[in-house]
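Here are the chains, one letter per residue:
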Amino acid sequence: MELWLATGNKGKVNEYKIGLKELADLKIFTQADIPSFTPRPEDGKTFLENAQIKARTLKAVKSGVWVLGEDSGLEVEGLNNLPGIHSARYAGPKAADSENIAKLLKMMTIRPIANRKARFVCSTVVFTPDGAEWHFDGVMNGTISTKPVGQLGFGYDPVFIPEGQTQTLAELGPGFKNQHSHRAQALKAFLEKLKA
Ligand code: IMP
């Protein structure tokens with residue numbers, strides 16, 4: 001099975017490799033394997049619309065194979081669900097993960113936010129080799145810590161404490177994420193559908 005991932009995010013690609021390793025004959029490629037590939041702007045209004053933009057743009061140059069596009073992000077209740085679909089670019093168009101985290105923590109202290117409840121959301125769009133479009137979603141609830149802790153993972157992992165845990169995702173690491181994350185839930189649904 002040849003699966004093309006419509007992402008340039010190495011953290012996500014690592015998680016897909018772990019989450020899909022039960023597929024013995026799987027070969028994973030990404031849009032970075034196509035030197036001339038130009039992503040389209042993510043101008044959708046929802047996670048699903050942005051996942052469709054990513055998957056459709058890659059499918060346009062890669063037909064007859066499996067294509068997966070995913071849009072994900074962090075919704076913080078006390079910030080009216082921001083950064084949401086803007087998670088990757090919260091502190092600016094080319095912001096580093098550390099800059100996005102710094103902006104998030106700053107926004108929560110400018111006007112002290114009592115409600116630190118948050119969730120990660122993942123919307124996944126898969127095109128089968130014959131062009132059918134499948135959708136899978138996942139949500140992970142938690143809270144935002146007061147400072148970044150931990151070295152593992154990517155994005156907002158150092159400030160996200162999953163429900164029922166006392167450590168951040170960046171401390172809990174890939175074993176935990178592969179069982180419980182928003183992305184892992186969507187991936188499990190994809191694997192179930194493949195087996196059905
Ligand atoms: P996307 O690549 O446009 O979907 O942007 C997703 C952004 O949401 C990432 O760059 C991270 O900032 C954040 N994000 C999504 N999933 C995760 C995760 O599993 N851990 C930490 N941050 C995440």
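Everything that follows concerns the structure shown earlier in this document.
Rules used in this analysis
- Residues numbered from 1 in each chain as written.
- Predicted model: local features only at pLDDT ≥ 70, side-chain atom pairs only at ≥ 80, totals over all residues.
- Heavy atoms only, no water.
- Helix = DSSP H or I, 4+ residues; strand = E, 2+ residues; numbered from the N terminus.
- Expected span 1.5 Å × (residues − 1).
- Buried < 20%, exposed > 50% of the residue type's maximum accessible area, 1.4 Å probe, protein only.
- Contact = heavy atoms within 4.5 Å.

Colleague: What's the story with helix H4 (residues 169-180) in this structure? I'm lost.
Modeller: Along an α-helix, residues three or four apart share an orientation, since each turn contains 3.6 residues. In this model, H4 (twelve residues) spans only 10 Å end to end at C-alpha, well below the 16 Å of a helix rising 1.5 Å per residue. Among the residues making up H4, those that are buried are Leu169, Ala170, Gly173, Phe176 and Lys177. Close packing links the buried residues of H4 with helix H1 (10-19), strand E5 (117-127), strand E6 (133-144), strand E7 (160-162) and helix H5 (182-195).

Colleague: Looking at this structure, I do not really get unusual backbone geometry. What am I missing?
Modeller: Note the cis peptide between leucine 82 and proline 83, where omega equals 0 degrees. With respect to the helices and strands, proline 83 occurs in strand E4 (residues 82-83). A positive phi angle is found at asparagine 80, which is not glycine, with a value near 55 degrees. Its location among the elements puts asparagine 80 in the loop between strand E3 (66-76) and E4. On the basis of relative accessibility, which here comes to 72%, the residue asparagine 80 falls in the exposed class.

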